[in-house]
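Chain residues, written in single-letter form:
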Amino acid sequence: MKALKVLASLALATTAFGQMRDNQTKEMTCDNSGSGNRTRYCEIREQSTAAMGLLNVDAGRNGGAVVKGWSRNEVLVRTRVEGWADSDADARVMGSQVYVDTSGGRVQAQGPQSTTNAGWSVSFEIFVPQATSLTVKTVNGGITVSDVRGSLRFDATNGGINLRRLAGDVTGSTVNGSVNLDLMGKTWDGSQVSVTTRNGGVNISVPENYSAHFQTETLNGTLRSEFPLNVTGDVRSGNHDFSIGAGGPLIHVTTTNGGVKLKKV
């Protein structure tokens, strides 16, 4: 019996990995960087490091983070470093003083003190082995994580959250931004999902034959679903507890000012 359970777990994990994408394309550029009246400098840096199973990502005060799973057994950190000032020379100096630390299972930027007229920011595009656990933090920037299986903890202040084709244990929140969750397969492969936003909606893309147990909470918003829901009360407001398909692991989403939508894909 124990051997059968192990084989079943391995089969489920193999199915989940098979539905994840092997992300090899580098997408971040300097083409869409910067705006405003001050002169801006931008460069893309690349650093490779050994895979460690757990990666802590901190984008700092200004900048977002995109983390993608791939088939290689290494971590590639691509950093868009931007500096801005009143002149080209000063903007370049600000950018040149930014240092990105990729040691000890972390990705974090450090740089000079910003002033009224000059400052800097970093954004990350990080490729990791698909079996990687993550903590990701941003202040003024969004977070996107795709094709990763493990423990994910995220925290954003001003930025949207995009979670695509994940498995494992997912928990996190943003204050100002929407949450987009793209599910895969027939049920969640892991313990649970728990995501929260204060000011923004929650959009969940769900495969047609999916099974899950949902808990949705919204204060100033409505619940809309393309799936038939066996719930009591008014689905246009409040808290709801329901299952689709045969039920399954918990997917818990909360928003204060925004609605919750389940979209069939």
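These figures come from a predicted structure and were not determined experimentally.

K.L.:
Lay out the environment of Thr256 in plain terms, naming residues and giving numbers.
P.N.:
Tracing the chain through its elements places Thr256 in strand E19 (residues 250-257). Residue class for Thr256 comes out partly exposed when judged on its relative accessible area of 28%. When the C-alpha atoms of Thr256 and Thr197 are compared, they prove to be 6.9 Å apart, with 59 residues separating the residues in sequence.

K.L.:
Tell me about the packing of aromatic side chains, residues and numbers included.
P.N.:
Aromatic ring pairs are described here by two measures, namely the spacing of the ring centres and the angle between the planes. By the definition in use, this model includes two aromatic pairs. Aromatic side chains Trp70 and Phe127 sit 5.1 Å apart centroid to centroid with 35° between the ring planes, which places their arrangement in the tilted category. Residue Trp70 is located in strand E3 (residues 65-70), and its partner Phe127 is located in strand E7 (residues 119-129); the two are separated by 57 residues in the primary sequence. Owing to a relative accessible area of 3%, Trp70 belongs among the buried residues under this scheme. When the centroid spacing of 5.5 Å and the interplanar angle of 15° are considered together, the rings of Phe214 and Phe242 count as stacked. Placement of Phe214 in strand E16 (residues 212-218) and of Phe242 in strand E18 (residues 238-244) is noted, with a sequence separation of 28 residues between them. Each member of the pair, Phe214 together with Phe242, is buried. Seen from the ring of Phe227, Lys264 lies directly overhead, with NZ or CZ sitting 5.1 Å from the centre.

K.L.:
Quick one: what's the story with unusual backbone geometry, residue by residue and with numbers?
P.N.:
Here the phi dihedral of Asp147 falls at roughly 60°; this positive angle occurs in a residue that is not glycine. Position of Asp147 relative to the elements: it lies in the loop between strand E9 (143-146) and strand E10 (149-158).

K.L.:
Explain the pattern of salt bridges to me, and be specific about the residues and the numbers.
P.N.:
Following the criterion strictly, the structure yields 13 salt bridges and no others. Note that Glu82 and Arg40 form a salt bridge whose closest N and O atoms lie 3.8 Å from each other. Pair noted here: Glu82 is in strand E4 (residues 74-85) and Arg40 is in strand E1 (residues 39-50), with a separation of 42 residues, a long-range link. A residue is classified by how much of its surface remains accessible, and Glu82, at 7% relative accessible area, is buried. Taken together, the shared-partner salt bridges in this structure form one network comprising Lys26, Glu27, Glu46, Lys68, Arg78 and Glu125.

K.L.:
Could you give an account of the sheet that holds E18, naming the residues involved and the relevant values?
P.N.:
In spatial order, the strands read E5-E6-E2-E8-E10-E12-E14-E19-E16-E18; together these ten strands make up an open sheet with mixed pairing. Two strands in the sheet have a free side with no partner beyond their single neighbour: strand E5 (99-101) and E18. Averaged over all pairs of adjacent strands, the angle between strand axes in this sheet comes to 10°, irrespective of strand direction.

The rules we used
Residues numbered from 1 in each chain as written. Predicted model: local features only at pLDDT ≥ 70, side-chain atom pairs only at ≥ 80, totals over all residues. Heavy atoms only, no water. Helix = DSSP H or I, 4+ residues; strand = E, 2+ residues; numbered from the N terminus. Buried < 20%, exposed > 50% of the residue type's maximum accessible area, 1.4 Å probe, protein only. Phe/Tyr/Trp six-rings, centres within 6.5 Å; stacked < 30°, edge-to-face > 60°. Lys NZ or Arg CZ within 6 Å of the ring centre and 35° of its normal. Salt bridge = Lys/Arg side-chain N within 4 Å of Asp/Glu carboxyl O. Pairing = 2+ DSSP bridges. Axes fitted to C-alpha atoms, helices over the stretch in contact; angles between N-to-C directions.

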